[in-house]
Amino acid sequence: MSVLREPHQIGDVIGSMTEQTTSFARSDGLALGNSRTARIILETEWSGTALGDPRDWPNALLVTLRLVLNTTQPICLWWGPDLVNFHNDAYEPMLGNRKSDAIGRRARDLWPDVWDEVSPLVEKALSGEATTLYELPLMVTRNGYRETTNWTFSYSPVFDDDGHVAGMVNIVMEVTETVTTRQKLSEAYAAAQEHIRVQQELVEQREALQAELSHRMKNTVAMTQAVVSQSLRHAKSIEEAVDAINGRLVALTHAQDLLVKDSAQRAWFRDVVERTLEPHRDHGHRFHLQGPDVVLEGPQALGLTLAVHELATNSAKYGALSVEGGTVSIDWSLDGHKLSFAWKENGGPPVVPPSTTGFGSRLKDRIVPGYFKGSGKTVFEPDGVRYLLTGQLVVDETQSAPSLQAEGFP
Amino acid sequence: MTEQRSVLVVEDEPLLRMDIVDFLEDAGYIVWQAENSVDAIDLLVRHGEIRLVMTDVDMPGGMDGIKLAAYVRDRWPPLKIIVVSGYRSVATEEVPAETRFFSKPYDPKRIVKTVGTLLDES
């Protein structure tokens, strides 16, 4: 680390080390240096151990120790048949609370928790072959609890004065923090990627929704255009056209109100009829509705609305709804996909069949049946108009059971 | 009425179909109607006098208006084609060459005018 400083500082450091080493060599004769660990080695009573009095230690051990103790990179040295542990100051953090009695202990006693994992590498070093491993994960109990750690290290043989392997050095760097940080970065990156994916999905959903809204709006305008065009085409006067257009567009709008309540653009048959008849419901006994629960897809709901609107409008002008006591029975049934709808007026004035047919008749008898792939017929019975519509119910198999709530008209 | 003035309208929305049919009939064309591609092809097979097909893109069933246009161009190359869509714009490369495209809602009179122009070219 210090070599990166300014030149004059490097000189100071070297000068200081030389002075300390010389001074130390004079005092103990081993010249191990002035580190904390060196002092522990000097203060340790070695005479009763396998290594014996330091003054008798082989020159190779002393040379290696001097190298280890005066290196700032974390290193430990395991020497002799028992692999007696030495280490330098830089290595102490890796020992955790084992450091107090680590000097002089057998390596396998110092590291019992990882010995099974590292011993093959130790054997390899003792056979004369060096090993380097990067970021090896090890479960270590060094601070009173087991923790995952990562180490980049090399095990290298150390030779005695005769050239035989007498121990090994472990030059090591703990990289737990590096690995942990990288893992966290990786997780953060994955989370960011997921966030981006979700955002993209939301954007796509929004675009799809906008496209669908645009589609519906264009269809609605196209329908409106056709209603206006057809109403004008068949009207006898502007006033009649205005009334007809307004009535039909309001009816279609009411049907749209029902359809937008369901994401799949469907509506209950009964709701469509009830909503279309609402302007004509001046008292509670006007209409008798009877039929099963049937869900209509959007186009069929609009078609039914147009038919019921024409029937009710005509009835209000000439039929049962034009008099106080007139009533209308509305019945529908479903047999498989075959749908039948019947409108029958009662209690109105005597029925007079019209001399000409307008767009309303065309709508009921020709256009609306097209929505149901069926037929429509208006019968001018003497006691009241009868309209029959038969056709096929369109069922979108991709849709689940309807989530619609019935309107619950009184 | 000459054979050249027979046209086919393919549209699944009955009210819209009826409206454009009225405009085309007012202009003097014989107009055939179909609510889907299958019926349209059936009519084309039976009525060789049809000279132009106007089709909606968004239709139920397996064959939409784009596929119908491609099929028509392949099987009856001289037929003129008009494609209309409310759902999306149709790219030039999606439809056969010389196909005219209209976005819904369209001006019926522009359709009538385009039908006239296309049939006059043939």
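So, a few notes on the structure that sits alongside this text. Only a predicted model underlies this, so the values are computations on that prediction, with no experimental measurement involved.

On to the overall build of chain B, then. Within chain B one finds four helices and five strands. Counted from the first residue to the last, chain B has its helices and strands arranged as β-α-β-α-β-α-β-β-α. For chain B, the proportion of its 122 residues judged to be buried stands at 56%. Here chain B has roughly 5,600 Å² of accessible surface; of this, 50% comes from carbon and sulfur atoms.

This part is about a nonpolar patch on the surface. Side chains of Leu232, Ile238 and Val242 of chain A sit close together on the surface and give an oily, nonpolar patch of about 280 Å² of accessible area. With respect to the helices, strands and loops of the structure, Val242 of chain A is situated in helix α8 (residues 238–259).

Residue and element names in this part refer to chain A. Here the structure, examined in full by the defined rule, presents ten aromatic pairs over all chains. Summarising the aromatic geometry, the rings of Trp78 and Tyr155 are spaced 6.1 Å apart at their centres and angled 65 degrees between planes, so their arrangement reads as edge-to-face. Residue Trp78 is found in strand β1 (residues 75–79), and its partner Tyr155 is found in strand β4 (residues 146–159); the two are separated by 77 residues along the sequence. Assigned by exposure class, Trp78 and Tyr155 land together as buried.

Bringing the interface of chain A and chain B into the picture now. Residue-level contacts link 23 residues of chain A with 19 residues of chain B. Taken together, the connections running from chain A to chain B amount to four salt bridges. Its salt-bridge partner being Lys373 of chain A, residue Glu35 of chain B comes within 2.8 Å of it at the nearest N-O pair. Put simply, chain A and chain B have nine residue pairs in polar contact (both at pLDDT 80 or more) between them. Of all elements in the fold, only α7 (176–234) and α11 (359–371) of chain A reach the threshold of two or more residues within the side of chain A that touches chain B.

With that out of the way, let us pick up the pattern of salt bridges. As a working rule, side chains carrying opposite charge can pair if their charged atoms are close by. Going through the model one piece at a time under the given rule, you end up with 25 salt bridges over all chains. A salt bridge links Arg36 of chain A to Glu92 of chain A; the nearest nitrogen and oxygen atoms lie 2.4 Å apart. Taken together, the residues span a long stretch of sequence, with Arg36 of chain A in helix α2 (residues 36–43) and Glu92 of chain A in helix α4 (residues 92–95) at a distance of 56 residues. Asp109 of chain A is the partner of Arg106 of chain A in a salt bridge, and the nearest nitrogen-oxygen pair spans 3.0 Å. On the basis of relative accessible area, Arg106 of chain A is assigned to the partly exposed category, the value being 34%. A cluster of three or more residues bridged by salt bridges with shared partners is formed by Arg233 and Arg362 of chain A together with Asp22 and Asp26 of chain B.

Scoring rules and cut-offs
Residues numbered from 1 in each chain as written. Chains lettered and ligands numbered in written order. Predicted model: local features only at pLDDT ≥ 70, side-chain atom pairs only at ≥ 80, totals over all residues. Heavy atoms only, no water. Helix = DSSP H or I, 4+ residues; strand = E, 2+ residues; numbered from the N terminus. Buried < 20%, exposed > 50% of the residue type's maximum accessible area, 1.4 Å probe, protein only. Areas by Shrake-Rupley, 256 points an atom, 1.4 Å probe, with all protein chains shown as cover. Patch = residues over 30% accessible without salt bridge, like charges linked within 9 Å, V, L, I, M, F, W, Y side chains within 5 Å. Salt bridge = Lys/Arg side-chain N within 4 Å of Asp/Glu carboxyl O. Phe/Tyr/Trp six-rings, centres within 6.5 Å; stacked < 30°, edge-to-face > 60°. Contact = heavy atoms within 4.5 Å. Polar contact = N/O pair within 3.5 Å; in protein donor to acceptor, adjacent residues only side chain to side chain.

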